[in-house]
Amino acid sequence: MTTIAVVKKAGQVAIAADTLVTFGDTRLSRRYEANSKLFRVDTPAGPSWLGMAGTVAHFPVVRKALNALPPEQRLLCSKDAVFDTFTRLHPLLKENFFLQTKEEEHDPYESSQFTVLIANASGIFGVYSYREVFEFEEFWAIGSGRAFALGAMHAAWPRARSAREVAVAALESACEFDKNSAAPVELQTLKLKA
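Note that residues are indexed from 1 along each chain, following the sequence as it is written. Given that this is a predicted model, residues contribute local features only at a pLDDT of at least 70 and side-chain atom pairs are listed and counted only at 80 or more, while totals for whole chains, interfaces and linings are drawn from all residues. In computing side-chain values, all of the structure's heavy atoms are included and hydrogens and water are not.

What to know about the overall build of the chain
On a plain count of helices and strands, the chain comes out with four helices and 11 strands. Radius of gyration here uses only the C-alpha atoms, and the compact-globule reference equals 2.2 Å multiplied by the residue count raised to the power 0.38. Scaling as 2.2 N^0.38, a compact globule of 194 residues should have a C-alpha radius of gyration of about 16 Å, and the chain matches this with 16 Å. When its C-alpha atoms are laid out on the principal axes, the chain stretches across 45 × 45 × 35 Å. Here the chain holds 194 residues, and the buried ones make up 49% of them. Contacts in the chain between residues at least 24 apart in sequence constitute 59% of all its contacts with a sequence separation of at least 6. When charges are counted, neither His nor the chain ends are considered; positive counts come from Lys and Arg and negative counts from Asp and Glu. Every charge is mapped onto a representative atom, which is NZ of Lys, CZ of Arg, CG of Asp or CD of Glu. Averaging the coordinates of the 22 positive side-chain charges in the chain and doing the same for the 22 negative ones gives two points 7 Å apart. Helical segments are the DSSP runs of H or I of at least four residues, strand segments are the runs of E of at least two, and each set is numbered from the N terminus. The buried label goes to any residue with under 20% of its type's maximum accessible area, the exposed label to any with over 50%, and the partly exposed label to all in between, with areas taken from a 1.4 Å probe on protein chains only. Every residue pair with non-hydrogen atoms within 4.5 Å of one another is taken to be in contact.

Digging into the sheet that holds strand E7 (residues 115–120)
Note on pairing: DSSP must find at least two bridges between two strands before they are called paired. Here we have five strands laid out as an open sheet, ordered E5-E6-E7-E8-E9, and antiparallel in their pairing. Single-partner strands in this sheet number two, and they are strand E5 (38–43) and strand E9 (133–136). Sheet twist, expressed as the mean angle between neighbouring strand axes with direction ignored, is 25°. Bridge analysis of strand E6 (residues 46–53) against E7 gives six bridges, and the strand direction is antiparallel. Its bridge partner being in E7, Leu-50 is matched across the sheet by Ile-118. Along the sheet, helix H1 (residues 58–68) contacts E5 and E6; its crossing angle with E5, the most-contacted strand, is approximately 5°. Axis definition: a line fitted to C-alpha atoms, limited for helices to the stretch in contact. Angles are taken between N-to-C directions and run from 0 to 180 degrees.

Some words on the side chain of Thr-85
In this structure, Thr-85 sits in helix H2 (residues 79–97). Every residue in contact with Thr-85, bar those within four places of it in the chain, is listed here: Leu-66, Leu-69, Gln-73, Arg-74, Leu-75 and Leu-76.

Notes on the side chain of Asn-120
The topology assignment puts Asn-120 in strand E7. With relative accessibility at 4%, the residue Asn-120 sits in the buried group. Here Leu-76 takes part through its backbone oxygen, which lies 2.7 Å from a polar atom of the side chain of Asn-120. For the purposes of these results, a polar contact is taken to be a pair of N or O atoms within 3.5 Å, where, inside protein, one atom must be able to donate a hydrogen and its partner to accept one; residues adjacent in sequence count only when each atom of the pair is a side-chain atom. Within the local environment of Asn-120, its side chain forms a polar contact with the backbone nitrogen of Ser-122, the two atoms lying 2.8 Å apart.

A closer look at the packing of aromatic side chains
The geometry of two aromatic rings is summed up by the distance between their centres and the angle between their planes. A pair of aromatic rings is counted whenever rings of Phe, Tyr or Trp (Trp by its six-membered ring) have centres within 6.5 Å, and the orientation is called stacked for planes under 30 degrees apart, edge-to-face for over 60 and tilted otherwise. Evaluation of the coordinates by the stated rule reveals five aromatic pairs. The interplanar angle of 10° and the centroid separation of 5.4 Å between the aromatic rings of Phe-136 and Trp-140 together place this pair among those described as stacked. In this structure Trp-140 comes out as partly exposed when scored by relative accessible area, which is 31%. Among the aromatic residues, ring-to-ring pairing joins Tyr-128, Phe-134, Phe-136 and Trp-140 into one connected group. In our convention, an over-ring charge means Lys NZ or Arg CZ found within 6 Å of a ring centre and within 35 degrees of that ring's normal. Above the plane of the ring of Trp-157 lies Lys-9, whose end atom (NZ or CZ) is 4.1 Å from the centre.

Any link to function would need more than the numbers given here.
Here's what the structure looks like:
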């Protein structure tokens, strides 16, 4: 699995991810493969960094599908813009990349089968499998190490001076205690729009 964390604090946003990939009981560390779980998407409002939890197959698919959208449809600067972008993305995932959309028999909507965190100058957002979008005020985490990351961020928040510090605490904790997360950690920061 994975651990991805996003943080907004002191005029800065940060996104951080571990670099371990697992296949059942097998671990593929950074030593053997780059395993980047963060990728950049350029939008009309500036760069966004995305991190994903789910099967490794999602990473190239979502990166390529997002970058295939025309720039004016690649908007990630608000909750509604994120929703609209991922709603446009869903048919592409089905038609061009053969996404299986079924999770449970009585699903209310087709699933996109992944969870994404987004950090950009507008804030920090989360997208869940039915395209539910959340805009977080302080921090959030996804993946198998999320509970450790959330606890660490909650504890670090009052004394940390930057989003970067909180994100580092999150990933250090997750990599220490979650069996499916491991260092080295990738981290990207951006200045928050005033």
